[in-house]
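# Structural characterization, general
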Amino acid sequence: MDDLSINSKFEEIYLAYFSKMKYFAKEYVVSDADAENIVQDVFTELWEKKEILTMPVNLVAYLFTTIKNKSLNHLRHKTVVLKATNLIQEEYAITLQMNLDSLEAFNENLFTEEDVEKTISRALDSLSDKCREIFIMNKLEGKKQKQIAEELNISINTVETQMGIAYKKLRVELKDYVPLLLFLLSL
């Protein structure tokens, strides 16, 4: 079979089956655009393997099977994406609810400046002496980690480790006071 007759046969198959194959795919993938993309992909692959048109192959079965497999892959992908999106939305909703609960519990009228200082002081007192000293030097005095390491004659790695410990501990100690925690950590 020469190229002209193969091209003619491909065009004939495309015209005869495109809309049927699209209807078949749409039954499963629901979206008209997705169905059309799947069928276009199948016909593009058929064009790239057009030597198959010269073989004794049940072309209708080939088209249906290929579209079925591409539809399955499409649905599997959509399911994974949907599950990931739902998980992200759930986590976001939980975070929003926690923030809402925290803000509702945080009544600024109940806290005088003295109460805020006591709460922060109590949280800082939960840190070890060295950890508290490093945290205060960094967050309250505004010193850089390198400067702290030099002043205390310790490594920068030790300063970073102690700051990490302080953050974790303060997150626990101030979990009911998210606005205070955010304020303290943003210094």
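A short tour of the structure in this document, coming up. Nothing here was measured: the structure is a model prediction, and the numbers come from that model. Per chain, residue numbering runs from 1 following the sequence as it is written. Confidence filtering applies because this is a predicted model: local features only for residues at pLDDT of at least 70, side-chain atom pairs given and counted only at 80 or more, and all residues used for totals across whole chains, interfaces and linings. Excluded from the side-chain calculation are hydrogens and water; included are all heavy atoms of the structure.

### With respect to the packing of helix α5 (residues 129-140) against helix α7 (residues 156-173)
At a minimum axis distance of 9 Å, the contact between α5 and α7 shows a crossing angle of 95°. Taken together, the axes of α5 and α7 are roughly perpendicular relative to one another. Contact residues: α5 offers K130, C131, I134, F135, N138 and K139, while α7 offers V159, Q162, M163, I165, A166, Y167 and L170. Residues are grouped as follows: Ala, Val, Leu, Ile, Met, Phe, Trp, Tyr, Cys and Pro are nonpolar; Asp, Glu, Lys and Arg are charged; all remaining types, including Gly, are polar. Here the contact of α5 with α7 is built from residues that sort into 9 nonpolar, 2 polar and 2 charged. Axis geometry follows a simple rule: fit a line to the C-alpha atoms, using only the stretch in contact for helices, then measure angles between N-to-C directions, giving values from 0 to 180 degrees. Helical segments are the DSSP runs of H or I of at least four residues, strand segments are the runs of E of at least two, and each set is numbered from the N terminus. We call two directions roughly parallel when the angle between them is under 35 degrees, roughly antiparallel when it is over 145, roughly perpendicular when it lies between 65 and 115, and oblique otherwise. Any two residues whose heavy atoms approach within 4.5 Å at even a single point are treated as in contact.

### Digging into the side chain of S71
Looking at where S71 falls in the secondary structure, it is placed in helix α3 (residues 59-105). For S71, a relative accessible area of 4% gives the class buried. Those residues in contact with S71, other than ones at most four positions away along the chain, are A25, V29 and I38. A simple rule labels every residue: compare its accessible area, found with a 1.4 Å probe on the protein chains alone, to the largest value its type can have, and call it buried under 20%, exposed over 50%, or partly exposed in between.

### Some remarks on the environment of T161
Considering the arrangement of structural elements, one finds T161 in helix α7. A relative accessible area of 40% places T161 in the partly exposed class. Here a polar contact is recorded for every N or O atom pair within 3.5 Å, except that within protein the pair must consist of a potential hydrogen donor and a potential acceptor, and residues adjacent in sequence are included only if both atoms are side-chain atoms. At a separation of 2.8 Å, a polar atom in the side chain of T161 contacts the main-chain carbonyl oxygen of N157.

### A look at α7
A helix is expected to span 1.5 Å multiplied by its residue count minus one. For α7, with 18 residues, the first-to-last C-alpha span of 25 Å sits near the 26 Å given by 1.5 Å per residue. Buried within α7 are the following residues: V159, Q162, M163, A166 and L170. The arc that holds the buried residues of α7, viewed along the axis, is 105°, so those residues lie on one side. Structural note: α7 exposes N157, K168 and V172 on the side pointing more than 90 degrees away from its buried face. Summarising the geometry, the arc corresponds to the directions from the helix axis toward the C-beta atoms.

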